[in-house]
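# Examining the three-dimensional arrangement
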Amino acid sequence: MKVGIPKEIKNNENRVGMTPSGVAELVRHGHTVVVQCGAGEGSGFPDADYVAAGAEMLPSIEDVYREADMIVKVKEPISPEYALIRKGQVVFTYFHFACDRPLTDAMLRSGATCIAYETVEQPNHSLPLLIPMSEVAGRMAVQNGAYYLQKTKGGKGKLMAGVPGVKPAKVLVLGGGTVGEAAARIAAGMGADVTITDISLPRLKQLDAEMPANVHTLYSSEHNIRRELRDVDVVIGSVLIPGDAAPKLVTRDMLKLMEPGTVLVDVAIDQGGCFETSHPTTHSSPVYEVDGIVHYAVANIPGAVPNTSTTALTNATLRYAVALADKGWRKACLEDSALCRGVNIVDGKCCFEPVAKVWDLPYFPLEL
């Protein structure tokens, strides 16, 4: 199979779909890999490293899409890429269709097979291709929350750790999954007073047993969230329903409960956001205010640390990319139920029920 790695063109997206070591593994399996010139430079991987790994370098994104049977990338295609994707081509990337109707419609029209990293799901319900970026995003969410908590950045002017005689900042983490756990650990390590919420009692019990002493667990309900918002300094939104739109846990009317300068970091923005007042922002313009509350809602948070993120992502995606290239997507999915769950669109049909429900589309189970 001919596998293509294009340069990412989303705002300030410096990650790349595969490291040179990943390319070398595909080449070892007998596949041809075409990489767009400069695709890896933002992540610290020069063209020479890809050439040494056995890749063929192509000058333009159009060349990569035209040549490749399968595209492996990081972020969802954006409008300039829509026309480059063709019928029968496999596109393996993060899609987040449930919060992007134009993208969904474009991929349905393309006739391509769209396999979404975020819905590849193991029988134990773990999300192996979402975990590495969730770990990065959770850690960075706290870094950014602490940064924008500074008065010069619009925040309350509080130090996360406090100092002797001065209380630390209060951090509320909504959602106890991979992002939430990573965020809570980093915030705790910085010395903050942390509360993490979830609706799963077994998960809360696990977190309560494993987290540092300055992390407290709380059952997630509207009443409890409203109560916590009254004196919180940073809120990390990290709830996830795989492949579906995120629930709105902080509504517009709840903003008045918080003090001006409170910072909301919406890590769920890729899935529509878990704050009602969230809208996607970029690394070049990351924050805005609503009713005096600072909102950070960058849709590709891990893109700020592309070397770490690209390496972690390739570590997770490579085995699946190799299986798709070795066997073709149909056989690979027949033999791996986790990969099968990743198939969202095939030949103009929606095969992932949550996306079909969100956009009121006909649903075609993949086995049909």
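Above: the structure in question.
Throughout what follows, the structure given in this document is the object of discussion. Source: prediction; values computed, not measured.

What counts as what
Residues numbered from 1 in each chain as written. Predicted model: local features only at pLDDT ≥ 70, side-chain atom pairs only at ≥ 80, totals over all residues. Heavy atoms only, no water. Helix = DSSP H or I, 4+ residues; strand = E, 2+ residues; numbered from the N terminus. Buried < 20%, exposed > 50% of the residue type's maximum accessible area, 1.4 Å probe, protein only. Contact = heavy atoms within 4.5 Å. Areas by Shrake-Rupley, 256 points an atom, 1.4 Å probe, with all protein chains shown as cover. Lys, Arg positive; Asp, Glu negative; His and termini not counted. Charge placed at Lys NZ, Arg CZ, Asp CG, Glu CD. Salt bridge = Lys/Arg side-chain N within 4 Å of Asp/Glu carboxyl O. Pairing = 2+ DSSP bridges. Phe/Tyr/Trp six-rings, centres within 6.5 Å; stacked < 30°, edge-to-face > 60°. Axes fitted to C-alpha atoms, helices over the stretch in contact; angles between N-to-C directions. Arc of directions from axis to C-beta. Left-handed = near helix turned anticlockwise from the far one by under 90°. Nonpolar A, V, L, I, M, F, W, Y, C, P; charged D, E, K, R; others polar.

### Re the overall build of the protein chain
- Looking only at helices and strands, one finds 12 helices and 15 strands in the protein chain.
- When its C-alpha atoms are laid out on the principal axes, the protein chain stretches across 65 × 45 × 35 Å.
- A buried classification covers 57% of the 368 residues belonging to the protein chain.
- Within the protein chain, residue pairs in contact and separated by at least 24 positions form 63% of the contacts whose partners lie at least 6 positions apart.
- Surface accessibility of the protein chain: about 15000 Å² in total, with carbon and sulfur atoms responsible for 54%.
- Looking at the protein chain, you have 35 positive and 42 negative side-chain charges, and the mean spots of the two groups are 3 Å apart.

### Digging into the pattern of salt bridges
- Taken as a whole and assessed by the stated rule, the structure comprises 24 salt bridges.
- Notably, a salt bridge pairs Asp253 with Arg226, separated by 2.7 Å at the nearest N-O pair. In this pair, Asp253 is assigned in the loop between strand 10 (234-237) and strand 11 (263-266) and Arg226 in helix 9 (residues 222-229), connecting sequence segments 27 residues apart.
- One continuous salt-bridge network, built from bridges that share partners, spans Lys10, Lys75, Glu76 and Asp270.

### Some words on the sheet that holds strand 6 (residues 113-116)
- The sheet built from eight strands is open, its strands ordered 3-2-1-4-5-6-14-15 with mixed pairing. Unpaired on one side and paired on the other, strand 3 (56-58) and strand 15 (349-350) mark the two borders of the sheet.

### So, the side chain of His96
- Note that His96 resides in the loop between strand 5 (90-93) and helix 5 (101-110).
- For His96, a relative accessible area of 7% gives the class buried.
- His96 has contacts with Lys75, Glu118, Asp270 and Gln271, leaving out every residue within four places of it along the chain.

### Comments concerning the packing of aromatic side chains
- In total, this model carries five aromatic pairs according to the counting rule given.
- Taken together, a centroid distance of 4.7 Å and an interplanar angle of 85 degrees make the contact between Phe92 and Tyr117 edge-to-face. A residue pair is termed long-range when its members are at least 10 positions apart, and Phe92 in strand 5 and Tyr117 in the loop between strand 6 and helix 6 (131-148) qualify at 25 residues.
- When the ring of Tyr94 is compared with that of Tyr117, the centres are 4.8 Å apart and the planes differ by 85 degrees; the resulting orientation is edge-to-face. Here Tyr94 is found in the loop between strand 5 and helix 5, whereas its partner Tyr117 is found in the loop between strand 6 and helix 6, with 23 residues between them in sequence. There is no split in this pair, since Tyr94 and Tyr117 are both buried.
- The rings of Phe92, Tyr94 and Tyr117 are connected pair by pair, giving a single aromatic cluster.

### Things to note about unusual backbone geometry
- Even without a glycine there, the phi angle at His96 is positive, about 55 degrees.
- The phi torsion at Asp347 lies on the positive side, around 50 degrees, for a residue other than glycine.
- On the secondary structure map, Asp347 appears in the loop between strand 14 (343-346) and strand 15.
- Asp347 gets classed as partly exposed once you look at its relative accessible area, which sits at 40%.

### Let's talk about the sheet that holds strand 8 (residues 193-198)
- An order of 9-8-7-10-11-13-12 is seen for the seven strands of this open sheet, with the pairing classed as mixed. Looking at which strands have only one partner, the edges of the open sheet turn out to be strand 9 (215-219) and strand 12 (287-290). Averaged over all pairs of adjacent strands, the angle between their axes in this sheet comes to 20 degrees, without regard to strand direction.
- For strand 12 and strand 13 (residues 293-296), the ladder comprises four bridges, and the chain directions are antiparallel. Bridge pairing links Val287 to Tyr296 in strand 13.

### Here we look at helix 9
- Those residues of helix 9 that sit buried are Asn224, Ile225, Glu228 and Leu229. Take helix 9 and look down its axis: the buried residues cluster within an arc of 135 degrees, on one side only. Seen from the open side of helix 9, the exposed residues pointing more than 90 degrees away from its buried face are Glu222 and His223.

### Here we look at the packing of helix 6 against helix 7 (residues 178-189)
- Axis separation between helix 6 and helix 7 bottoms out at 7 Å; the angle between their running directions is 35 degrees. Seen along the crossing, helix 6 lies across helix 7 with a hand that is right-handed. Together, Ile131, Ser134, Glu135, Gly138, Arg139 and Val142 of helix 6 and Thr178, Val179, Ala182, Ala183, Ile186 and Ala187 of helix 7 make up the contact between the two elements.
- Residues of the contact of helix 6 with helix 7, tallied by class, amount to seven nonpolar, three polar and two charged.

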